[in-house]
Amino acid sequence: MAVTKEQKASIVKKFGASEKDTGDIKVQIALLTEKINQLTNHCKVHPKDAGSRRGLISMVGHRRSLLKYYRRTDIEGYRTILKDLNLRK
């Protein structure tokens, strides 16, 4: 259910400046999106898992705040990451 090392490494390589650039906002948003997608599928299979649903809502809120910050600081990068991750806005 969690993001594996290989998945995380590929996401960091795709969105980061280097392989160790995990603090970049694009990488953080992409990793959160991957976790959210996996947790969404889990919640569809297990609808009574309230703890996972609470974590999912928390992650969505955190991603939203990161996206708001990114929109304020770099609008073109914001539009690019929305397009790359297939997010609606």
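Residues numbered from 1 in each chain as written. Predicted model: local features only at pLDDT ≥ 70, side-chain atom pairs only at ≥ 80, totals over all residues. Heavy atoms only, no water.

Peer 1: I'd like a rundown of the packing of helix α3 (residues 50-73) against helix α4 (residues 75-85), residues and numbers included.
Peer 2: The contact between α3 and α4 brings their axes to 6 Å, and the two run at 135 degrees. In this view, α3 runs oblique relative to α4, as classed from their interaxial angle. Contact residues: α3 offers L67, Y70, R71 and T73, while α4 offers I75, G77, Y78, I81 and L82. (Axes fitted to C-alpha atoms, helices over the stretch in contact; angles between N-to-C directions. Helix = DSSP H or I, 4+ residues; strand = E, 2+ residues; numbered from the N terminus. Parallel < 35°, antiparallel > 145°, perpendicular 65-115°, else oblique. Contact = heavy atoms within 4.5 Å.)

Peer 1: Any chance you could break down the pattern of salt bridges for me, citing the residues and the numbers?
Peer 2: Two side chains that carry opposite charge are able to pair once their charged atoms sit near each other. As enumerated under the stated definition, the model contains two salt bridges in all. Residues K26 and D24 are paired through a salt bridge, measuring 3.9 Å at the closest nitrogen-oxygen approach. Across the salt bridge formed by E76 and R79, the nearest N and O atoms sit 3.2 Å from each other. Linking E76 with R79, this pair stays in helix α4, spanning three residues, or about one helical turn. (Salt bridge = Lys/Arg side-chain N within 4 Å of Asp/Glu carboxyl O.)

Peer 1: Residues and numbers for the nonpolar core, please.
Peer 2: The biggest cluster of nonpolar side chains holds 17 residues, and the ones touching the most others in it are F15, I29, L67, Y70, I81 and L85. Once residues within four sequence positions are removed from consideration, I29 is found in contact with R63, L66, L67, Y70, I81 and L85. (Core = buried A, V, L, I, M, F, W, Y, C linked by side-chain atoms within 4.5 Å. Buried < 20%, exposed > 50% of the residue type's maximum accessible area, 1.4 Å probe, protein only.)

Peer 1: Run through the environment of P47, naming residues and quoting values.
Peer 2: When you line up the elements, P47 lands in the loop between α2 (25-45) and α3. The class of P47 is exposed, set by a relative accessible area of 52%.

Peer 1: Just give me the short version of the layout of surface pockets, but keep the residues and values in it.
Peer 2: Volume-wise, the largest pocket comes out at about 240 Å³. Every residue lining the largest pocket is listed: I36, N37, V60, R63, R64, L67, L82, L87, R88 and K89. For the lining of the largest pocket, the elements supplying multiple residues, two or more each, are α2 and α3. Broken down by element, the residue count for the lining of the largest pocket peaks at four residues, all from α3. (1 Å grid on protein atoms, 1.4 Å probe; cavity = no way out; pocket = protein on both sides within 12 Å on 5 of 7 lines; lining within 4 Å. Points joined across faces, edges and corners; volume = space filled by probe spheres on them.)

These results come straight from atomic positions and should not be treated as a statement about function.
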